[in-house]
Amino acid sequence: MDFKLTEEHLMIRDAARDFAKTELLPGVIERDEKQEFPKEQVKKMGELGFLGMMVSPEYGGGGMDTVSYVLAMEEISKIDASASVVMSVNNSLVCWGLDHYGNEAQKEKYLTKLATGESIGAFCLSEPEAGSDATSQKTTAIDKGDHYVLNGTKNWITNGSTADYYIVIAQTDVEKKHRGINAFIVEKGWEGFEIGPKEQKLGIRGSDTHSLIFNDVKVPKENRIGEDGFGFKFAMKTLSGGRIGIAAQALGIASGAYELAKEYSKVRKAFGTEIMNHQAIAFKLADMHTSIEAARHLVMKAACDKDKGENYDLSGAMAKLFASKTAMDVAVEAVQVHGGNGYVKEYHVERLMRDAKITQIYEGTSEIQKIVISRSILRD
Ligand code: CAA
């Protein structure tokens, strides 16, 4: 398969690379340490068009393809995976869903602000007892005529306190199981909507992750996305594309760790020579490079499938499964190449190793990707 990039793709990749080096790299260690959200940097990402890349230009987006998006995601993730998860959720889970399934009024009111980064979005599906088992939603939205009344708790929500608009998945008819689930746009500040405490995380510590509590929140009916009962399909379709973004994030973390290890191996000396001259190190770098190239092919295949209008459930799940394992494996090896220096913050690889783990967990664990893949291949 030929993944030849166009001039435009290369320009976008280079712009993201420059942005990551000049704006994200300074301060990335400190933000990780203090669990500080990259507020100024995310604002600039919006100004540069990185927060609504695939949204139609008529709603303020970049009108770009998925290949452009994964190229930018990889570059940002090489340096700062906390910033790239904000980008990923806003682009894939919030903007894409609204652009494809929102009505005209919802797009005018919400998408135009989200696509430019003037506002930030969050996607709220997970619950204390419904992470992988997404059909078991306990959050309810009861139909009261012209509005719904929303009650429940959502967990591990990315952009939990920084978002302005939240897409909330809730059960509207328990009898109908997953066909009685709907998706709603909820605004920060609505009565009864409370933001819970911030999670203390292992990695992506610059992103803000919270639980959200809804106590009799009145949601106007016009804020429901799609037909009654469309919520579960909406979530699944949105997550399918989201997985390509997270696969690109994982690829970025792996590439970032590999590049640091390669450079380090050229300057660090042991036993009278640069460590790259020892096969123990050179073979590690060979394995890392090979896995990254394989992951890149899967990510590009999934992005191209989406751009061509083909089904990307399978290719997206395979890309996420493989790229996230690659991120973890490569980051661990990058720490090993750095020896003692790999274990301290200033060399960056220990952070990349901590950040890598989440890519095997969010937007569907590796086990969930295997469910999606096995169902798909066994159905054929
Ligand atoms: N596209 C469209 N429809 C889909 C679909 C898809 N990709 N996948 C499933 N569906 C539909 C099915 O067709 C079915 O509909 P009908 O019954 O009407 O035909 C319905 O959804 C139920 O499908 P399943 O029977 O396959 O559902 P299931 O209960 O067996 O679960 C699952 C499938 C793949 C395991 C799903 O529950 C899943 O993806 N779970 C993981 C959820 C997840 O990714 N959570 C992450 C939270 S978000 C996050 O992490 C964001 C963040 O902050 C970074």
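Keep in mind that this is a model prediction, so the values were computed, not measured.

Trainee: What exactly am I supposed to notice about the overall build of the protein chain here?
Mentor: Along its length, the protein chain carries eleven helices and nine strands. The C-alpha radius of gyration of the protein chain comes to 21 Å, within 12% of the 21 Å expected for a compact globule of 380 residues. C-alpha atoms of the protein chain, sized along the principal axes, occupy 80 × 45 × 40 Å. Classification of the 380 residues of the protein chain by burial places 55% in the buried group. Excluding contacts between residues fewer than 6 apart, the proportion of contacts in the protein chain whose partners are at least 24 apart in sequence is 73%. Surface accessibility of the protein chain: about 16,700 Å² in total, with carbon and sulfur atoms responsible for 53%. Of the side-chain charges in the protein chain, 47 are positive and 55 negative, and the distance between the mean point of each set is 3 Å.

Trainee: Explain the site of the ligand here, please?
Mentor: Every one of the 25 residues lining the ligand counts as a neighbour, but S132, T158, H178, R179 and R375 are closest to it. At a separation of 2.9 Å, an oxygen atom of the ligand approaches a polar side-chain atom of R243. Contact with the protein chains covers 76% of the free accessible surface of the ligand, which is 1,100 Å². Of all the elements in the fold, those that place two or more residues in the shell around the ligand are helix 5 (81–101), helix 7 (231–267) and helix 11 (366–379). Per element, the largest residue contribution to the shell around the ligand is seven residues, and it comes from helix 7. Taken together, the residues of the shell around the ligand sort by class into ten nonpolar, eight polar and seven charged.

Thresholds, definitions, all that
- Residues numbered from 1 in each chain as written.
- Predicted model: local features only at pLDDT ≥ 70, side-chain atom pairs only at ≥ 80, totals over all residues.
- Heavy atoms only, no water.
- Helix = DSSP H or I, 4+ residues; strand = E, 2+ residues; numbered from the N terminus.
- Rg over C-alpha atoms; globule rule 2.2 N^0.38 Å.
- Buried < 20%, exposed > 50% of the residue type's maximum accessible area, 1.4 Å probe, protein only.
- Contact = heavy atoms within 4.5 Å.
- Areas by Shrake-Rupley, 256 points an atom, 1.4 Å probe, with all protein chains shown as cover.
- Lys, Arg positive; Asp, Glu negative; His and termini not counted.
- Charge placed at Lys NZ, Arg CZ, Asp CG, Glu CD.
- Near = heavy atom within 4 Å.
- Polar contact = N/O pair within 3.5 Å; in protein donor to acceptor, adjacent residues only side chain to side chain.
- Nonpolar A, V, L, I, M, F, W, Y, C, P; charged D, E, K, R; others polar.

Geometric values such as these leave the question of function open.
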